Each structure stands twice: as structure tokens, then as C-alpha cells.
Amino acid sequence: AQSVSQHNHHVILSEAASLELGCNYSYGGTVNLFWYVQYPGQHLQLLLKYFSGDPLVKGIKGFEAEFIKSKFSFNLRKPSVQWSDTAEYFCAAMNTGFQKLVFGTGTRLLVSP
Amino acid sequence: GAGVSQSPRYKVAKRGQDVALRCDPISGHVSLFWYQQALGQGPEFLTYFQNEAQLDKSGLPSDRFFAERPEGSVSTLKIQRTQQEDSAVYLCASSLAGRWDQPGELFFGEGSRLTVL
């Protein structure tokens, strides 16, 4: 069955630390991958997406993610986090033609100033 | 407003009551989705509409759940005879992309938080 797993449920970092959040997917066929972010009290927003082409994808607010097909992974990275990055981060996947976005369980990131 | 609007934002229901949750998608968006998000979990897919057609309802947990989008814009998710396990945030999302298009960005509403006592 299609699934997305996120390894870290809670991450605590100090400002300026580097961030990497793990995401693995289990999908057959062509997969489209996404990272969404939910800031406290706000709705889910798209951070970045991968459909095809360059496996290193750059998103908003300095985030990037790398699609590694051999590892079925799509990890999210940011070189230097800020307090304002405190949020919950969701990895998600979808097959083209099947408009069903499957989410991971999310990672809560707390950045201390 | 320009975003996806959901109402009510909060709903408390007694077990056995029926509830209706409304979603106003972004104007012109072809696709509309409902998700259920339990506490501490990621959103779980419930159902998908392309215009007024419900193309996928595989995620609806029981026949007590029913969704419609009769005119291809506003959608309503109805839960009959609510149970405690229905307590969750119900998220609506819309997208410009149709089913066979390259997946587009899903724009989410703020959700309707349902608490069943």
C-alpha cells in the first residue's frame, strides 16, 4: 500500500543550527513528492514539491529537499534555522492521475532563540 | 477572501447527532478534497471531487460519512450519528489541477475541529 513515513516526530534545535527531516515513501509508478508546513494556528502551506527533473528542489524560506530514488527518500533540509521556522512539517506523496495526497505523520520542530 | 474557507471552525456535538461541515474552495478550482486529521497524526484522505463529480471516496471511514459538491464549487461533508472516534479536524483543500493534469498545489483551509462528547 502507498505510504509515507517520517522518522522524527519531535525535533528541537537552536537558532542557526542545520536541519534535516527524514521522509521515506512506499509507492509504485511515478511519484510526486511534497513538503507542507503548518505554522502555529495557521493552515497547511506548500513548502516545495518535486515532480521530475533536478532531484534537488528549492522551496520557500530557504528550504530544500533532495529526491533520492534509490533510497525512496525525500529529506527536507535547511542550513540555518530561525525561531520563525517553529512549525509542524509534513511530507506527502501522490501518483499522477490519482488525486490522493498521502501524508506522513508529521514532525514538530521547535527552534529555540 | 482569496483562500479556502471552512465553517464552522469549531463544532461540539453530542454522540448520535448529525453534523454538516462546509467548504468554500478558491473560485475556479476544479479539484476539492476532504481530509481528516486526528490529534498527533497527519491528514488522512477522505474523498476527492473534480467539479461536481465525486471521483474517489475510498477514504470515507463508514457509511455515516457523506460528501457532496452539487454545483462544482461549495462542498459539504456530513457525518451522521456521530461517534467519539469522529473527533478530529476536518480539512478541505482545493486545486486548479484536474485529475489527469500534473498535480497542482493544494490550498488548505484552516479546518473544522469536531469534538464529539
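Details of the structure are given in the entry above.
It should be emphasised that the depicted structure is a prediction, and the values quoted were computed from it without experimental measurement.

1. Brief notes about the overall build of chain B
What chain B contains, in helices and strands, is zero helices and 11 strands. Traced from its N-terminal end to its C-terminal end, chain B shows the element sequence β-β-β-β-β-β-β-β-β-β-β. The C-alpha atoms of chain B give a radius of gyration of 13 Å, which matches the 13 Å a tight globule of 117 residues would have. With the principal axes as the frame, chain B shows a C-alpha extent of 40 × 30 × 25 Å. Pairs at least 24 apart in sequence give 55% of the contacts found in chain B among residues at least 6 apart. For chain B, the exposed surface amounts to about 5800 Å²; the carbon and sulfur share of it is 47%. With 12 positive and 13 negative side-chain charges, chain B shows a separation of 8 Å between the mean positions of the two kinds.

2. Points about the environment of Q6 of chain B
All names here are of chain B. Structurally, Q6 can be placed in strand 1 (residues 5-7). Looking at Q6, the relative accessible area reads 7%, which means it is buried. Distance from Q6 to G111, taken between C-alpha atoms, is 6.1 Å for residues 105 residues apart in sequence. Ignoring sequence-local partners within four residues, the contact set of Q6 consists of R22, W34, Y90, L91, C92, G109, E110, G111 and S112. A polar contact of 2.9 Å, which involves the side chain of Q6, links it to the backbone oxygen of Y90. A polar side-chain atom of Q6 sits 3.0 Å from the main-chain amide nitrogen of G111.

3. Looking at the sheet that holds strand 3 (residues 19-24) of chain B
All names here are of chain B. Read from one edge of the open sheet, four strands run 1-3-8-7, paired in antiparallel fashion. Every interior strand has two partners, whereas the edge strands, strand 1 and strand 7 (65-68), have only one. Along the sheet, successive strands turn relative to each other by an average axial angle of 15 degrees, direction set aside.

4. Here's the deal with the nonpolar core
Residues W35, L48, F74, L76 and Y89 of chain A are the most contacted members of the largest nonpolar core, which totals 30 residues. Those elements that provide at least two residues to this core are strand 2 (10-14), strand 3 (19-21), strand 5 (31-38), strand 6 (45-50), strand 8 (64-68), strand 9 (73-78), strand 10 (87-95) and strand 12 (107-112) of chain A. Membership of the second largest hydrophobic core comes to 20 residues, among which are F49, L60, L77 and V116 of chain B.

The rules we used
- Residues numbered from 1 in each chain as written.
- Chains lettered and ligands numbered in written order.
- Predicted model: local features only at pLDDT ≥ 70, side-chain atom pairs only at ≥ 80, totals over all residues.
- Heavy atoms only, no water.
- Helix = DSSP H or I, 4+ residues; strand = E, 2+ residues; numbered from the N terminus.
- Rg over C-alpha atoms; globule rule 2.2 N^0.38 Å.
- Contact = heavy atoms within 4.5 Å.
- Areas by Shrake-Rupley, 256 points an atom, 1.4 Å probe, with all protein chains shown as cover.
- Lys, Arg positive; Asp, Glu negative; His and termini not counted.
- Charge placed at Lys NZ, Arg CZ, Asp CG, Glu CD.
- Buried < 20%, exposed > 50% of the residue type's maximum accessible area, 1.4 Å probe, protein only.
- Polar contact = N/O pair within 3.5 Å; in protein donor to acceptor, adjacent residues only side chain to side chain.
- Pairing = 2+ DSSP bridges.
- Axes fitted to C-alpha atoms, helices over the stretch in contact; angles between N-to-C directions.
- Core = buried A, V, L, I, M, F, W, Y, C linked by side-chain atoms within 4.5 Å.

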